Structures are given as C-alpha cells and as structure tokens.
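# Residue-level structural notes
The chain contents come next:
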Amino acid sequence: MEMLAHYKGREQAYIKHRLLEAYLERFFMIVGQHQRTICYVDCFAGPWEESCDDLMDTSIGISLKVMARCKETLLKMGYNVNFRALYIEKNKKSFHKLTNFLDVRTPAIIETDAKQGEFFNLRPTILDWCGMRDFTFFFIDPKGWKNVVEIPTLKPFLQRENSEFLINFMYDFILRAHSQKGLECDIKAIFGEVPDTKGMTSKEREAHLLLRYRTHLKYHQPKGGGKPRSAYVSVLDPAKNRTKYHLVYLTRHAKGVEVFMDASEKLDLIQKTVRAKTKQERSEEKTGQSGFDFMTEAYDEKDDRGSLSAVKSFWLSQLTGVPQNFGIEQLADMLEQTGWFIRDFQQAFGELLTEGKVENLDMTNKRRTRFVHFDKRERLRKT
Ligand SMILES: C[S@@+](CC[C@H](N)C(=O)[O-])C[C@H]1O[C@@H](n2cnc3c(N)ncnc32)[C@H](O)[C@@H]1O
C-alpha cells in the first residue's frame, strides 16, 4: 500500500496497477523461460493523471520496472530474453512527456518505442512492430469504448497467434450505451447482438453483458491452437458499491487463467482495504470526525462470489463415481465458468473431504489448504 497516497481521488487506478504489476511479473517469468523475445504493447499509454516524476503510478513506469526486474532474474536463471515495449498515445502533451521519460529512463536492457496517434489508425503499425511470431501482451486501457473495444476494431489483434490481452471494459459507459436508441450498430459490434437485459436485476445485467463480451472476444480468436479462454477482475468504485470497470483477460493458455486468477485473488483483500480506507477518509472529510476501523470493515466486506455451499455443489456437479484427473485445464474451465477464486475451490473441496462426500485418490498425506494439486493432475471422485 506504500504508493496509495499517489492515487488520491483515483483509487481504482491503484487496483488496476497492482493487478497489472502482479500479472506481468508472473507472465514474463513464465513466458521468458520458453521464448527468446517478449513484446509488450500499451495501446493507451498516457501518462495520465500521474503524480510522480518517475511515473511509478502509471502503466508506463510499472511495465518498465517489471520488465527490467524480470530480465535480470531470467538472466540469472540462464535465459537471455529480449524485452521490447511499445507505447501508444494520442495526446500531444502526454506523448511529449512519454518520449522524454523513455529517452531518460528506459533501462539499457530493454528496447522501447513510442508512436503518437489514434489507436484505431495505428493498428497496422502496431502489428508491424510486433511481427508475427513473438509472444505479445497487449494492454488496452482506454478512457471510453468507441473505436476500441468493439470486436471489428480488435479483430486484427484477436486473430494474431501468440497474443494475450488485458482490456479495460468500461462498464459505466457500456451500461449506459447498451440500451440507447441510435447506438445499436456499435452495441452489436461489441456484443455480437443487442443484448436484451429487460427485467434483469443490475447484478444479472452486469454478469450477462460481461459474459456476452467475453464470449464474443473468444469467438474471434483463430481456430486451431490453444482453446481461447478469458477471465476478469472487477474494479469497484472506491467509495460506492458499484463497478467502475472490468479488466478482461484473454489468453489461449489454461496456465494463464490460473496465474491471472491467482493474481486477482491476492488483489481482492487489497481492493477491500483500499475501499474501506477511502470510505473512511471521505466520511472524515465530511464530518470532521474520525470514523470506523477500516481494516475490520475491509475483512467484513461481502462480495458477489459464490457461497461455500454453492462452490461445493459445483464441485459435486463436476465429479462422478469414476476417478477423473483434474489438471490445470479443468481448473481453468472452472475458474472461467464461475469467476470464483482458486482458494474457494480448495476450501470447498476440503469441506467435502471432511464430510466424506469426495475423495482425492492421490492424496497420500494430510493437507491443510491445497486439497487438490492441479499441477499434478490428481484423481478425484465422488464417493
Ligand atoms: C486511461 S488513460 C491510460 C492510463 C494508463 N494506461 C495507465 O494505466 O497509467 C488513457 C490514455 O489514452 C489516451 N487516448 C485516448 N484516446 C486515445 C486514442 N484513440 N488513441 C490513443 N490514445 C488515446 C489518453 O490521452 C490517455 O492518456
């Protein structure tokens, strides 16, 4: 939480940046052991609302720091990976700051480049810069949605092999637009149809729109290769109980989903703490009185993830009396389908074991938390 003071009034960006940092680190370290070159493209780079000169509160500073750290760690492990980064920014003033920063601060071991212009128009240039082969992570973090998140806009990227995406799906904007007259074409380009959400509660509507978008993204991935997969993290308004945006992740690797959901699980308590702290500060500013204990509030905050009994029922629906191997592929399927965390599945399986309802045939000694070792493809069954 040491950087939080730099994010006053935009605490949601702190959550976004912690996720980006945690996921990129794991991603670079895994991919770096198999690839000679890794590309990173920040399609809406900024700097944007930055408050430190070292840009450590922006995706630019964070990505460079993580790349430099991973490059060095990988070198020590015997992997000399070539890291390349491209930053896109439309605004003239921000672009000037960006290029000044890159000139002075790019670590010698990283190759960086920047292009000024509209993301939409620069798409062919970006794809040229990446080439066809190298593994590339695209960070797509716009301010709105038009000419960005629609599938026809993203299609040239979605069709590229060896690509992963983190897309800021601006739910606030999209919710307002999705049922607006005159925007049907745009909405169809995002969801593949004009979603009919009449009669849904706000939670149902949000889940429906998000699922439709993720399904539409996956549908446009190239046929063949790994199964398209997607997961997401919801970033909430720091002081209100509603979603600010979803960070939608897209990959062709089951391991990617596991790592992304692990990073988002770790982020969960950070997000709750930041929200409780922000609410406390805002209430103190209003009333002039010091308020509640924000850490207690953070631990108590309820979320929309499944109750333990729902997770247990889900487990039972996945198992039969015949032993089945549960590996990373099956774990990724379950994470994608439910949006629950790995710890939810472990905890629920542990309870079912205690109740004698399930069995792990490969569990030879007593375990306290990791009741299934998915990396070992353990055999599970219903008793
Ligand atoms: C939300 S901010 C990016 C924040 C940054 N990714 C971060 O996390 O620190 C969006 C940035 O995209 C720029 N931008 C807006 N529309 C753009 C477009 N069509 N093409 C390229 N850049 C654009 C804005 O000037 C702004 O700097």
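To be clear, the structure that these remarks concern was listed above.
This write-up is about the structure you can find in this document. All figures in this text were calculated on a predicted structure; none of them were measured in a lab.

## Let's talk about the overall build of the chain
For the chain, the count of helices and strands is 13 helices and 10 strands. Compactness check: the chain gives a C-alpha radius of gyration of 22 Å against a globular reference of 21 Å for 383 residues, within 12% of the reference. In terms of overall dimensions, the chain has C-alpha extents of about 65 × 55 × 45 Å along its principal axes. Put simply, the chain has 383 residues, and 50% of those count as buried. Long-range pairs, those at least 24 residues apart, make up 71% of the contacts in the chain between residues at least 6 apart in sequence. Only carbon and sulfur atoms are counted for the fraction: they give 51% of the accessible area of the chain, which is about 18,500 Å². Charged side chains in the chain number 61 positive and 53 negative. The centres of these two groups are separated by 3 Å.

## What to know about the side chain of glutamine 346
Checked against the element boundaries, glutamine 346 lands in helix α13 (residues 342–354). A distance of 2.9 Å separates the side chain of glutamine 346 from the backbone nitrogen of phenylalanine 371, its partner in a polar contact. A polar contact of 2.8 Å, which involves the side chain of glutamine 346, links it to the backbone oxygen of valine 372. Filtering out sequence-adjacent residues up to four positions away, glutamine 346 remains in contact with Thr369, Arg370, Phe371, Val372 and Phe374.

## Concerning the site of the ligand
The full set close to the ligand counts 18 residues, and His17, Glu89, Glu118, Phe119 and Asp141 are the nearest of them. Between lysine 16 and the ligand, the recorded distance is 3.4 Å, taken from a side-chain N or O atom to an oxygen atom. Phenylalanine 44 is positioned with one of its backbone polar atoms (N or O) 3.1 Å from a nitrogen atom of the ligand. In isolation the ligand exposes 600 Å². Once the protein is present, 92% of that is buried. Residues of the shell around the ligand, tallied by class, amount to 6 nonpolar, 6 polar and 6 charged.

## Re the nonpolar core
A general tendency of soluble globular proteins is for nonpolar side chains to be buried together. Ranked by size, the top nonpolar core spans 77 residues in total, and within it Phe28, Tyr40, Tyr87 and Trp315 carry the most contacts. Broken down by element, this core gets its largest block of residues, 11 residues, from helix α1 (residues 11–31). The contact partners of phenylalanine 28, leaving out residues within four places of it in the chain, are Ile38, Tyr40, Val66, Met67, Cys70, Leu74 and Phe83. Listed in part, the 34 residues of the second largest apolar core include Val41, Cys43, Ala177 and Tyr213.

## Observations regarding the packing of aromatic side chains
Taken as a whole and judged by the stated rule, the model has 25 aromatic pairs. Aromatic pair phenylalanine 169 and tyrosine 213: ring centres 4.3 Å apart, planes at 10°, arrangement stacked. In this pair, phenylalanine 169 is assigned in strand β5 (residues 163–169) and tyrosine 213 in helix α8 (residues 202–219), connecting sequence segments 44 residues apart. For phenylalanine 169, a relative accessible area of 0% gives the class buried. Classification of tyrosine 213 by relative accessible area gives buried; the value is 0%. On the numbers, 4.5 Å between centres and 5° between planes, the contact of tyrosine 249 with phenylalanine 260 is stacked. Of this pair, tyrosine 249 sits in strand β7 (residues 243–251) while phenylalanine 260 sits in helix α9 (residues 254–287); the two residues are 11 residues apart in sequence, bridging distant segments of the chain.

## Describing the sheet that holds strand β10 (residues 378–382)
The 3 strands lie next to each other as β8-β10-β9, forming an open sheet whose pairing is antiparallel. Pairing within the sheet leaves two strands with one partner each, and these edge strands are β8 (324–326) and β9 (358–360). Across the sheet, the axes of successive neighbouring strands diverge by a mean angle of 35°, strand direction being ignored. Both β8 and β10 contribute to a ladder of 3 bridges, which runs antiparallel. By the bridge assignment for β10, asparagine 325 is matched with arginine 379. Across the sheet, helix α11 (residues 308–318) touches β8, β9 and β10, and the angle it forms with β8 is around 130°.

## Focus: the sheet that holds β7
Note: strands within a sheet are paired through backbone hydrogen bonds, in either parallel or antiparallel orientation. Sheet architecture is open: 7 strands sit in the order β3-β2-β1-β4-β5-β7-β6, paired in mixed fashion. Each end of this open sheet is capped by a strand with a single partner; those strands are β3 (110–116) and β6 (229–236). On average, each strand axis in the sheet is inclined to that of its neighbour by 15°, with strand direction left out of account. Sheet analysis places strand β1 (residues 37–42) next to strand β4 (residues 135–140), joined by 5 bridges and oriented parallel. Bridge pairing in β4 links tyrosine 40 to phenylalanine 137.

## A short note on the pairing of β10
Inspection of the sheet shows β9 paired to β10 by 3 bridges, in the antiparallel sense. Following the sheet pairing, glutamate 359 is matched in β10 by arginine 381.

About the criteria used
- Residues numbered from 1 in each chain as written.
- Predicted model: local features only at pLDDT ≥ 70, side-chain atom pairs only at ≥ 80, totals over all residues.
- Heavy atoms only, no water.
- Helix = DSSP H or I, 4+ residues; strand = E, 2+ residues; numbered from the N terminus.
- Rg over C-alpha atoms; globule rule 2.2 N^0.38 Å.
- Buried < 20%, exposed > 50% of the residue type's maximum accessible area, 1.4 Å probe, protein only.
- Contact = heavy atoms within 4.5 Å.
- Areas by Shrake-Rupley, 256 points an atom, 1.4 Å probe, with all protein chains shown as cover.
- Lys, Arg positive; Asp, Glu negative; His and termini not counted.
- Charge placed at Lys NZ, Arg CZ, Asp CG, Glu CD.
- Polar contact = N/O pair within 3.5 Å; in protein donor to acceptor, adjacent residues only side chain to side chain.
- Near = heavy atom within 4 Å.
- Nonpolar A, V, L, I, M, F, W, Y, C, P; charged D, E, K, R; others polar.
- Core = buried A, V, L, I, M, F, W, Y, C linked by side-chain atoms within 4.5 Å.
- Phe/Tyr/Trp six-rings, centres within 6.5 Å; stacked < 30°, edge-to-face > 60°.
- Pairing = 2+ DSSP bridges.
- Axes fitted to C-alpha atoms, helices over the stretch in contact; angles between N-to-C directions.

The values are spatial; any link to function lies outside them.
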